[in-house]
Amino acid sequence: MADRKALQAEMISGHSGASPGLGMQRDLEVCKLVDTTTCIGCKACEVACAEWNDMPFTPTTFDNTYQTMPETRWNFWNLIKFNEHQNPDGTIQWLMRKDQCMHCADPGCLAACPADGAIVKYANGIVDFNQENCIGCEFCVSGCPFEIPRFNPMTKKVYKCTLCSDRVGEGLEPACIKACPTGCLKFGSKDDMKYIAEERAKQLRDNFGWQNAGVYDPQSVGGTHVIYVLHDATDPERYSLPKNPTIPWSYTVWKWLFKPVLGTFALFGFLGVIAHYITSGPRVAQPEPPEKEGPDAGINV
Amino acid sequence: MPASTSSSVERFDDKARNAFEHAGKTTVYRGELLRHPVYTRVLHWAVALFFFLALFTGFGIYLPWLFRWFTPFFGGGPLSRVMHPYFGVGFVFCFGLQALNWLKPMIWTAADSRWMRNIKGVVSGEEKMDPPDTGFFNAGQKVQFWEIVGGCVVYLITGVVLWAGARTFGRIPVAVSYVLHDISALIMLGGIFIHIYLSTIGEPGTFQSMIRGAVSEAWAWTFHPAWYKQVTGRDPQQDCEEARRKMNSSTKPPKQS
Amino acid sequence: MTNGWIDIKNTDMMLIMGGNPAENHPCGFKWAIEAKIHRNAKTIVVDPRLTRTAANADMYVQIRAGADIAFLGGVIKYAIENNRIAKDYLVNYTNAAFIIKDGFSLPEDGLFSGFDAEKKVYDKKTWNYEEGGDLAGKPVVATPADKPTPPLAPGATPPAPALPPNIAFDLSLQHPRCVYQLLKKQYERYTPEMVERITGIPQDQFLKAADLFTSVRKDGDMKKVATIIYAVGWTQHSFGTQIIRTAAMLQLLLGNVGRAGGGVNALRGHSNIQGATDMAGIFDILPGYLKMPNPTDVDLAAYLKRTTPLVAKPDPWESFNYWSNTSKFAVSLLKAFYGPAATKENDFAFNYLPKIDRNYSWVNIWNDMYEGKVKGLFAFGMNGVMIGPDSNKNIDALKKADWLVVCEIYPDETSEFWRAPGITAEDQKKINTTVYRLPGAGFAEKDGTFVNSARWLQWKNIALPPPGQARLDQEILATIFLKVRELYKKEGGKFPDPVLNATFAYTNPHNPLLAEVAREINGKALADITDPKTNITIKAGQQLPGFAWLKDDGTTISGNWLYCGSWTEAGAMMQRRGTDDPSGLGIYPNWGWSWPANRRVLYNRASCDMEGKPWDPSRRQVWWDDAKQSWVGVDVPDFKVDSAPKDHMGPFIMNPDGIGRLFVPLSGMQDGPFPEFYEPIESPLANLLHPKQSNNPVVKKYKTDMDKYAKTGDTEFNIICTTYRLTEHYHYWTKNNPMNVELVPEPFVEVPAELADRMGIRGGEKVKVTSARAYYIAKAMVTRRIRPMKIDGKETFQIGIPIHWGFRGIVEDEGKTAKTLANQLTPTVIDPNAFTPEFKGFLVKIEKV
């Protein structure tokens, strides 16, 4: 079990309002930095992820690419995406980007999830799935702008990268970070990682001719706890990253506003008929027996 | 007395109805009228069963923190989620048959509009009897019927989207479907309270129409006078007054048709 | 590697060519990235494919496989013409100023002087320095013809030509026959136009790359350093050694050798291939790169005379000539081999050593077996059928053997050669080879050392015990050895002495501890020995602290002089785990142990100018301390520590001339003192420099019925094919591991999109690649990362095949692959210097299955 301090719940799916103990302790927000400009696509992170999380192997098939599989799987949370991008001058840029949960500050999965406690966002920024409470509705899949949660048809539950909350809770770095041979993966506080990322982007702009180098930390989901350094931050789509990831408004509005309101209305249906019975009474087939007259007749108040 | 085709309700599928009549039995005693034949009743309860199964499994998805206690009946949250669409399909299918069965009596008429204008009197109970032109179904029932028809369409479309998921239909359709599906369910949920209330304690004598299939003549002339007139050929008002007279003078059952 | 893995972080410029470190050395590649991040170092990748290394480069240049010398020669020309050279370094630390014999001629027609067309060898006597001191300003005169040699005694072999003791030189580099002028002339032909025609690299790209790489010497600045990184993409050619030579020359020209962040760096493809080489995993050397005796070495003296070089240098200069200690290394080795049986009286049992009469390299072993001369084979930790070249020939060779012993951790293609695809049950009945399969232990199941590319000896511990019946290699080998010895003891035999007298004094001779073996390799004193200078004494039986203590009188033993110092009285230096790095240069002097003498950068004297001051004060490695009158520094000086700069001792102390060789005199190289561009044996076109001498003139081709080669410019086989490894797999055994198989499940062929379009091939469809020898079937990976090239104006395609899959493995056993081997395609032809087969760059055709 994770250390309480390191993993302090901040948001819990299916719960509105503050979580117990929130704000009692201050904690650093953690962050994983992926420098795509120094990633060599060696897949050590993929292996480390599968090994640490004890994932069963699943067969893959050759798909005209070096990419291990077309997309992450319920038992393969960390996938390097290989993209061949053709520059306007005809040269090819072979881009490798480690794809995994972004651990959004404003997680779409959590917003969409109806099951209480199935998705937890810790105060350190980790968004974790608690399969014990997952009901397998897959709304998180549609809530996520990064196509991350994956349904396991055997357990009927949804899985994704935990940012190794089990390791981080014990003060260790995530498995992928530990395995990365080139140091293109870094782990630390969000502030530090942001600083390093911006410095690296500046270096790429100033010394390596990547005029559009920048950091991918989309504010449309409140920033993420996995950030990328990109050669060209103006075009994240070439790395198969959404330019402007968003959470469908319907989830937030529906879940936090209309769901309780309309639910109450439905409840009013129940209360309404009871009230009707008590106040008006039933309508009965006619003719009714004549109303009783005299002292013990009903009193109209 | 065996059910006869003399009922004024024109049914969609006589073949199915006949088959069900053989499988079941509707006894109509003296002073009663055949209200719902076996086929209709079977469909009704099939719809009800699937509705509640879908409702209770749906609760576990809709608000697990409140309704988690439903889920163990279905083998837990994930299995509830797995079964819910099958229940939903059962509900929509059965209701679809019922809708075809009832399509004609559910057609909206000018009388229904008048009924709706007069709804306050009916709800408040000031009007002891429904307006004389109230037919086999009154306008309230028709509203609910058409609401369920509409709801089923919504369920079906959004349900398929949700069932196949964001991986097939994309994130936004799922997100929108999720909301529409819920709203549809909530409206239906509100409706079902009224339906159950009115068919049981709200209007005593109604429930047996879906149990035994027969209703008393008094019930019929009270709540569906036009239908009474149609099937008996008598004037409901007169019969009611006659019954009242008889009740007030002595106790003799109303004459049978 | 002249430098080391970590040292790459000190560089300013990387030229990665003939190697793919990001894919095949991902852990080491971190240091290239460190250089990028901390030094803004630039990377140039020159490769036939846009690899994962190229994806990380600042500049990627697509080259035709095998055209490397043309590219590098062009860069040499560019550096000279644009004065991007390290003038002082060149004059003082290389043989640029040395004058070459009259009669030496450059290969303008493809041949250097002295070629014997019949025997296909060079007479190298003109490949030598002129004698005579400083010739600067003196009129150029023809040197006298060779002195008449005294008549030979009948039957005696003529003495090999030797380097002159007093080399002629011209420090102004103006003499027309000085190495610098010859070098300039040699590469004059490698114009950007010629480079474009040969390599397929457009001129503007080539010039950009040449400019970028040589920019470290812009305006004579000596501070910046560039490194060259390569691997088997260079070695596996019929002129592989010469490609590396070209790189070394370029680095000498730019003054990058010996310096932190510089050097010529070979990336080893196995965790311990460096150790295998050091310990004589090759037929023509003994441990520590001592030469193997040959039949002319009638006694130890003759052997030492032949193999010990004499100092040859310009008179005013000094030369350490460290190989002058050969006798100490050799005698200590013999004492280690034969112990008390090796005495001064019997020449330290020199005659126990086998004498090699010809070439016994890899391809020759298989060729001999194919011809029925080799009857049995021990295959330990290698899969000879998969390795090739021409795997079918190896399979057929094994059919002719009497026996085969395979020690492996998985059932492999070699031990199951008899069930290779195409061999029917009927055929199998005719195979009489007895196969013994021994269950070996995996790398994590044994302790011992790995010697990495940086020459570091690093001890590793056992992670898991070997499973089931698996045994440690040393246990298996010791058991076999003791049994053989027993048989010799019992039955005598032709020459039992070497076996009977071999030292095998381990605590448990049936399963020797590797720590004991490591101590033995380090060596110890057999008698008390005292250093007269310091008066320090090593007692008999004590471990030696370094190879400077080795003696040629039989009082020391050492199993490998280069490893002397790795396990001393102070303990196992190879087991050290000190992480202190006071200099910040990544030297880590207390981590493991690096041969020689824990020196991390070879030739590090050259990191200083003539006064002994570092070229770049911010990367100080060693320097001359005037007060101490000694070389000191953060690294161990690779030099005579008390040789003052004014003595002008050459920094390349292993060469008898003491300098870095732009020109390799005499028998250093078989195919020329300067590298010349030759076409691969199978090439789509004739050599544009000299079409009549298209290939390496001294290359060895084989003549059995199996050895078929495509013609130059073959119309049928007109696609260039190269082979390589993937990050996700390790040679031929990770195909048995589900995780690796999940990462890359199936064999494939990388096909340029344009070629695929033309052939109607879509990604994922099966294609058949056929060479003059065999075919290979796998799915096509259609990619834009390999572009069509214009070679001499003609559109030419290259394809690539990863080598990993065979006919045993997870997917193979599931029947999901065609079970063909990549190396069934490759030609049996070897580099004349290192005898490495030409796996990179041969001709094929491709068709849809």
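Look up: the structure comes first, before these words.
The following paragraphs examine the structure supplied in this document. (Residues numbered from 1 in each chain as written. Chains lettered and ligands numbered in written order. Predicted model: local features only at pLDDT ≥ 70, side-chain atom pairs only at ≥ 80, totals over all residues. Heavy atoms only, no water.)

Some remarks on helix α4 (residues 68-81) of chain C
Residues and elements named next belong to chain C. Taking 1.5 Å as the rise per residue, α4 with 14 residues should run 20 Å; its terminal C-alpha atoms sit 20 Å apart, in good agreement. Of all 14 residues making up α4, 13 are buried, and the element is well covered by its neighbours. Taken from the residues just after α4, Asn83 is the one with a positive phi, measuring 55°. (Helix = DSSP H or I, 4+ residues; strand = E, 2+ residues; numbered from the N terminus. Expected span 1.5 Å × (residues − 1). Buried < 20%, exposed > 50% of the residue type's maximum accessible area, 1.4 Å probe, protein only.)

Thoughts on the sheet that holds strand β2 (residues 42-47) of chain C
Residues and elements named next belong to chain C. Read from one edge of the open sheet, five strands run β3-β2-β1-β6-β7, paired in parallel fashion. The open sheet terminates on both sides in strands that have one partner only, identified here as β3 (59-62) and β7 (264-266). Ignoring strand direction, the axes of neighbouring strands in this sheet form an average angle of 20°. Bridge count for strand β1 (residues 13-17) against β2 is five bridges, and the pairing is parallel. Counted as the bridge partner of Ile16 is Val45 from β2. Lying over the sheet, helix α8 (residues 203-214) contacts β1, β2, β3 and β6 (226-230), oriented at roughly 135° with respect to β3. (Pairing = 2+ DSSP bridges. Axes fitted to C-alpha atoms, helices over the stretch in contact; angles between N-to-C directions. Contact = heavy atoms within 4.5 Å.)

Regarding the side chain of Asp47 of chain C
Mapped onto the elements of the fold, Asp47 of chain C is located in strand β2. Looking at Asp47 of chain C, its side chain comes within polar contact range of the main-chain nitrogen of Arg49 of chain C, at 3.0 Å. (Polar contact = N/O pair within 3.5 Å; in protein donor to acceptor, adjacent residues only side chain to side chain.)

Considerations on the interface of chain A and chain B
Facing 48 residues of chain A, the contacting portion of chain B comprises 51 residues. Of the roughly 4,100 Å² buried between chain A and chain B on both sides combined, carbon and sulfur atoms contribute 63%. When the area that chain A buries against chain B is broken down by residue, the three leading residues are Trp254, Arg283 and Gln286 of chain A, summing to 21%. On the surface where chain A and chain B come into contact, there are four salt bridges. For the pair chain A and chain B, the number of links is 18 residue pairs in polar contact (both at pLDDT 80 or more). (Buried area = accessible area lost by both parts, 1.4 Å probe. Salt bridge = Lys/Arg side-chain N within 4 Å of Asp/Glu carboxyl O.)

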